Structures are given as C-alpha cells and as structure tokens.
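# Secondary and tertiary structure notes
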Amino acid sequence: NQSFSAPRETQMTDAAGGTMTMPGKLTFDSGKSRFELDMTQTKGGQMTPDAAAQMKAMGMDRMVMIGRPDKKVAYMVFPGMQSYVENALSDSETTTAPGDFKVETTELGRETVDGHPCVKNKVIVTDKNGTARESTVWNATDLKNFPVKIQTTDQGHQMIMLFKNITITTPGASLFEPPSGYTKYDSMPAMMQAMMMKQMGGGVLPTGR
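Report on the accompanying structure. The residue numbers shown here count from 1 along each chain, following its written sequence. Predicted model: local features are reported for residues with pLDDT of at least 70 only, side-chain atom pairs are reported and counted for 80 or more only, and whole-chain, interface and lining totals are derived from all residues. As a rule here, side-chain values come from all non-hydrogen atoms in the structure, and water together with hydrogens is ignored.

## Notes on helix α1 (residues 49-58)
Counting buried positions along α1 gives one out of 10 residues, so the element sits mostly on the surface. At the exit of α1 stands G59, carrying a positive phi of roughly 80°. The rule is simple: take the accessible area with a 1.4 Å probe, protein chains only, and divide by the maximum for that residue type; under 20% is buried, over 50% is exposed, in between is partly exposed. In this text, helices come from DSSP runs of H or I with a minimum length of four residues, and strands from runs of E with a minimum of two, each type numbered from the N-terminal end.

## Some thoughts on the pattern of salt bridges
We define a salt bridge as a side-chain nitrogen of Lys or Arg found within 4 Å of a carboxyl oxygen belonging to Asp or Glu. Taken as a whole and judged by the stated rule, the model has eight salt bridges. Measuring nitrogen to oxygen at the nearest pair gives 2.7 Å for the salt bridge that ties D70 to R68. Salt-bridge contacts for E86 lead to K184; the nearest nitrogen and oxygen are separated by 3.4 Å. Residue E86 is located in strand β7 (residues 83-88), and its partner K184 is located in strand β13 (residues 183-185); the two are separated by 98 residues in the primary sequence. On the accessibility criterion, E86 (24% relative accessible area) is partly exposed.

## Looking at the pairing of strand β5 (residues 62-68)
Among the seven residues of β5, five are classified as buried, and the element is accordingly described as predominantly covered. In this sheet, β5 lies alongside strand β3 (residues 32-38) in antiparallel orientation, the contact comprising six bridges. Residue pairing across strands places F35 opposite M65, the latter belonging to β5. When DSSP finds two or more bridges between two strands, those strands count as paired. Two elements, β5 and strand β6 (residues 73-78), share five bridges in a ladder whose sense is antiparallel. Bridge pairing in β6 places R68 opposite V73. Between β5 and the antiparallel strand that follows it, β6, lie four residues; K72 among them carries a positive phi value of about 60°.

## A look at the environment of K43
Note that K43 resides in strand β4 (residues 43-44). Looking at K43, the relative accessible area reads 60%, which means it is exposed. In the structure, K43 is positioned 74 residues away from P117 in sequence and 29 Å away in space, judged by C-alpha atoms.

## What about the pairing of β6?
Counting buried positions over the six residues of β6 gives five, a clear majority of the element. Judged from the six bridges that link them, β6 and β7 form a sheet pairing that is antiparallel. Across the sheet, F78 pairs through a bridge with S83, a residue of β7. Taking the residues between adjacent antiparallel strands as the criterion, β6 and β7 are bridged by four residues, where Q82 takes a positive phi near 50°.

## What about unusual backbone geometry?
A positive phi angle is found at D114, which is not glycine, with a value near 50°. Mapped onto the secondary structure, D114 falls in the loop between β8 (102-113) and β9 (116-126). Here K144, not a glycine, exhibits a phi torsion of approximately 55°, which is positive. Mapped onto the elements, K144 comes out in the loop between β10 (132-140) and β11 (146-154).

## Some thoughts on the packing of aromatic side chains
Centres within 6.5 Å make a pair out of two Phe, Tyr or Trp rings, where for Trp the six-membered ring is used; the pair is then stacked when the planes are under 30 degrees apart, edge-to-face when over 60, and tilted otherwise. Applying the stated criterion across every chain yields a total of five aromatic pairs. Both rings, one in F4 and one in F28, keep their centres 5.9 Å apart while their planes meet at 20°; by these two values the pair is stacked. In this pair, F4 is assigned in strand β1 (residues 3-13) and F28 in strand β2 (residues 19-29), connecting sequence segments 24 residues apart. A relative accessible area of 8% places F4 in the buried class. Between F4 and F163 the ring centres are 6.5 Å apart and the planes differ by 85°, which places this aromatic pair in the edge-to-face class. Taken together, the residues F4 in strand β1 and F163 in strand β12 (residues 157-163) connect sequence positions 159 residues apart. Using a relative accessible area of 7% as the deciding quantity, one classes F163 as buried. Counting every residue linked through ring pairs, the aromatic cluster contains F4, F28, F146 and F163. Geometrically, a lysine NZ or arginine CZ counts as sitting over a ring once it is within 6 Å of the ring centre and also within 35 degrees of the ring normal. A cation over a ring is seen here: K32 above F176, with NZ or CZ 5.8 Å from the ring centre. Stacked on the ring of W138, the Lys or Arg K149 has its end atom at 4.4 Å from the ring centre.

Written as structure tokens, this is what we have:
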C-alpha cells in the first residue's frame, strides 16, 4: 500500500494497565508521510484536560508531522502558531531498503474488523542487524490487504493501531510540504523562545525565518 490516507487511532496500554488513546490521520505516498494530531482529543495518560487547555492556549494543540526521506528532512508543523521546525534526517533514516528486512508471515485465522473481512496474521520483521519485532496484523481482503489493525507488545507495553475510512489513492503533493507563509525554525527550543518573546511583546527572534 504505497499511497493512502486514513484516520488512525492509537491505543497504548502500559504494564500497569493504564491506557492512552490518541486519534489522528495518516497520509502516505511512496515513502513520504504526514501525520496529523490534535492533542485535545487524546484521552488518558498524562494528557489531562488542564494540560490540553494549556497546549491549546499556546497554539500547540494541533501538530502535523511530515517525513520526507527523499529530501532527508522532517517537518513538525504547528498550525496554531503558523510555524514549523525543520530537522535533518540521518542516513539510516533515509536509506533503508525493503531488502534490509526479512518478513515472516503466519496466518492465524480470519476475522472481521470494522466491517472488513480480514486475514489475521502473525508477522515477524527482522532487520539487517538481526533485531526481530513481532506484530499481529489484520489485513483487509477487500482493501488490497491493507493492515486495518496492527497490534504489538514490547516489554509489557501493548500498542494497537486502528485504521478507518481508508482511501487508497495518491495524495496531493502539497500535503508533504510545510505551508507557505509559515515561519521556519531550526529547532524546537528556538521556536519556543520566539513564542515566549512574542507573548511578552518582544517580537519574533531572528532565529525564525
């Protein structure tokens, strides 16, 4: 599935049984990715209503994370601040090839997830360093085997990702670029410092451009 967009809900449970639910939207196209997140919609964990309200007042409640391995950069965009941070990606984050991974799939059965007939698979992915990660994946047979549900467990922590309303089409190229007119910063501390100076009436620091 090289091109798609879909709302995604992530459910994380820690070893003590605490659960955090984080809704968002994932868009993907041939390696380029975009994940939209509204922190005020996050439930559980350390995201209290007061913390969510504070983030909203700062303009940091909504975030868009854009990955561009082809340009070796990643953007963290804050629409409420009309700003974004650009970070360089390392070679290890941009040069990974499908041949670097060994994938073993074992069918566990067939189930229906959100109305989609699925093949339930145990999937073990081993990277070139020999590190193996096991997941249970529900592949929807009516959506070109799209993984509508993915469940992983690591050191007592369980994570479930659920995809809904999947659109398997090529997204617009502009979705993988920071919006024009937004202020660019080279680091999160620089953006935070500029924001605080602006709130105090000092204007935006020259680190933004």
